[in-house]
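Working through the structure, step by step
One letter stands for each residue in the lines below.
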Amino acid sequence: MRVLVINSGSSSLKYQVRDTDTNEVAASGLIDRIGEGGSGPADHGEAMDQVAAVLEGELAARPLDAVGHRVVHGGERFSEPVLINNEITRAIERLNPLAPLHNPANVLGIRAITAKWPDMPQVAVFDTAFHRTLPEHAWRYAVPDALYRQYGIRRYGFHGTSHEFVTGRAAALLDVPLDEFNAVICHLGNGVSLTAIEGGASIDTSMGFTPLEGLVMGTRSGDIDPSILIFLQRQGMSADDIDKLLNRESGLKGLYGDNDMRAIVDAAAAGDARAKLALDIASYRLAKYIGGYHVAVGGAHALVFTAGIGENSADFRALVASRLGALGVKLDGGANLVRSSAPRVVSAPDSAIPVLVVPTDEEQAIAEATAAVVRGA
Ligand code: AMP
């Protein structure tokens with residue numbers, strides 16, 4: 001099947017045309033500065049017109065069979081990809097308060113396609129869906145029950161499409177049946193999240209009510225004492241100020257001044273103390289979570305690294321592994337340095353837990369999920 005994968009952000013639209021039989025990427029691109037005036041498109045409808053214009057030749061030769069949308073928030077309702085109709089679109093729209101930057105853009109992307117190609121099957125693939133298997137003791141926060149009932153305040157988890165894809169690949173690489181596979185999956189990109197996998201399913205994940213919770217990220221703080229927010233409000237900061245501070249100015253950027261892992265590793269190697277501290281904080285926090293999730297899954301069969309940093313930074317993987325001696329984790333120095341786009345084992349033969357690098361491909365996962373839904377419809 002030929003699937004157009006759409007990833008709409010608040011002011012951007014990423015797209016790929018994928019052939020799910022050959023896994024070929026026939027076209028891809030990014031439209032940005034949507035709704036920002038100047039030369040950018042006025043809205044997501046205009047952005048879709050631009051995508052259609054760019055793809056005209058490609059689509060004339062080989063038409064699309066379906067469109068798959070990455071939708072950030074599926075709330076408690078969506079536990080798997082669904083064929084979109086008006087009711088589904090409205091249900092996604094009702095979740096806007098839970099993901100105010102993302103879901104409105106996803107809805108605009110869906111409506112733009114509906115307007116342009118009314119008969120095109122469209123599928124929504126949710127970033128939260130894979131984490132619908134979390135047990136209640138993992139998704140509840142220790143706050144009054146009313147906050148959950150009134151506002152839906154609970155852990156939802158994100159990066160689910162990536163965690164699910166990588167879990168399947170890792171189990172296959174180790175030749176373990178998926179429903180017997182226990183693992184800790186580390187998605188380390190600009191956003192960072194860990195998932196505890198038991199029997200192939202997500203039983204805990206580090207992102208929570210929003211993608212801000214958990215590990216040190218490119219520009220996000222991850223876990224902090226919630227009282228810091230109250231303290232800052234009392235110092236005169238507004239909710240918007242604090243939002244920006246913790247989502248855009250914290251994490252590696254806040255600690256070092258730059259969120260590019262390559263720059264930080266290079267600076268640390270050259271003796272920069274702030275870069276070294278940023279790496280120590282990020283790797284220490286990660287090691288603590290890995291230890292916790294190893295316990296949560298009753299002993300992981302594998303520790304898996306994925307996404308920009310997880311796939312490419314041998315230095316950061318080595319730093320994390322050096323903190324996991326208590327778990328008997330040992331990397332193979334040579335294997336860890338190999339650069340490859342293939343899933344691979346990077347641990348030593350006598351490591352107590354195999355360590356894997358498994359490249360993620362969210363567009364492939366969305367295209368395959370879309371094709372499966374459309375075939376089953
Ligand atoms: P992602 O969000 O998955 O695209 O990952 C982005 C992050 O991956 C950025 O922090 C980059 O610095 C990091 N990254 C990409 N390539 C490399 C590399 N070769 N070495 C270290 N970090 C990398």
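Residues numbered from 1 in each chain as written. Predicted model: local features only at pLDDT ≥ 70, side-chain atom pairs only at ≥ 80, totals over all residues. Heavy atoms only, no water.

- By the naming in an unreviewed UniProt entry, the chain goes by Acetate kinase and is assigned to Arthrobacter stackebrandtii.
- Recorded in UniProt for the chain, the comment headed Catalytic activity (unreviewed entry) runs: "acetate + ATP = acetyl phosphate + ADP". (UniProt positions renumbered as here; feature names shortened; annotations may be inferred.)

**Observations regarding the pairing of strand β4 (residues 66-71)**
- Buried residues dominate β4, accounting for six of its six residues.
- Covered by surrounding structure in β4 are A66, G68 and R70 together with V67, H69 and V71, the residues of both alternating faces.
- Across four bridges, the pairing between strand β1 (residues 2-8) and β4 is parallel. Within β4, the position partnered with V5 by the bridge is G68.
- With five bridges connecting them, β4 and strand β6 (residues 122-126) associate as parallel partners. When the bridges of β6 are listed, V71 appears paired with F126. (Buried < 20%, exposed > 50% of the residue type's maximum accessible area, 1.4 Å probe, protein only. Helix = DSSP H or I, 4+ residues; strand = E, 2+ residues; numbered from the N terminus. Pairing = 2+ DSSP bridges.)

**Some thoughts on the packing of helix α3 (residues 86-94) against helix α4 (residues 103-116)**
- Interhelical geometry of α3 versus α4 gives an angle of 160 degrees and a closest axis separation of 9 Å. Classified by the angle between their axes, α3 and α4 sit roughly antiparallel to one another. Considering the relative orientation of α3 and α4, their crossing is left-handed. Here α3 contributes T89, R90, I92 and E93 to the contact with α4, which in turn contributes N103, V107, I110 and R111. (Axes fitted to C-alpha atoms, helices over the stretch in contact; angles between N-to-C directions. Parallel < 35°, antiparallel > 145°, perpendicular 65-115°, else oblique. Left-handed = near helix turned anticlockwise from the far one by under 90°. Contact = heavy atoms within 4.5 Å.)

**Notes on the packing of aromatic side chains**
- All chains considered together, the criterion is met by four aromatic pairs.
- Arranged with centres 4.4 Å apart and planes meeting at 10 degrees, the rings of F78 and F126 form a pair that is stacked. Placement of the pair is F78 in the loop between β4 and β5 (82-83) and F126 in strand β6, with a sequence separation of 48 residues.
- Its relative accessible area of 3% is what places F78 among the buried residues.
- Plain terms: the ring middles of Y156 and F209 are 6.3 Å apart, the flat faces sit at 40 degrees to each other, and that makes the pair tilted. Of this pair, Y156 sits in the loop between α6 (145-151) and α7 (160-174) while F209 sits in the loop between β9 (201-205) and α8 (227-234), placing them 53 residues apart in sequence.
- The class of Y156 is buried, set by a relative accessible area of 5%.
- Relative accessible area serves as the criterion here: at 26%, F209 is assigned to the partly exposed category.
- Here the basic side chain of R154 rests over the ring of W139, its NZ or CZ set 3.9 Å away from the ring centre.
- Sitting above the plane of the Y156 ring, R154 keeps its charged end 5.1 Å from the centroid. (Phe/Tyr/Trp six-rings, centres within 6.5 Å; stacked < 30°, edge-to-face > 60°. Lys NZ or Arg CZ within 6 Å of the ring centre and 35° of its normal.)

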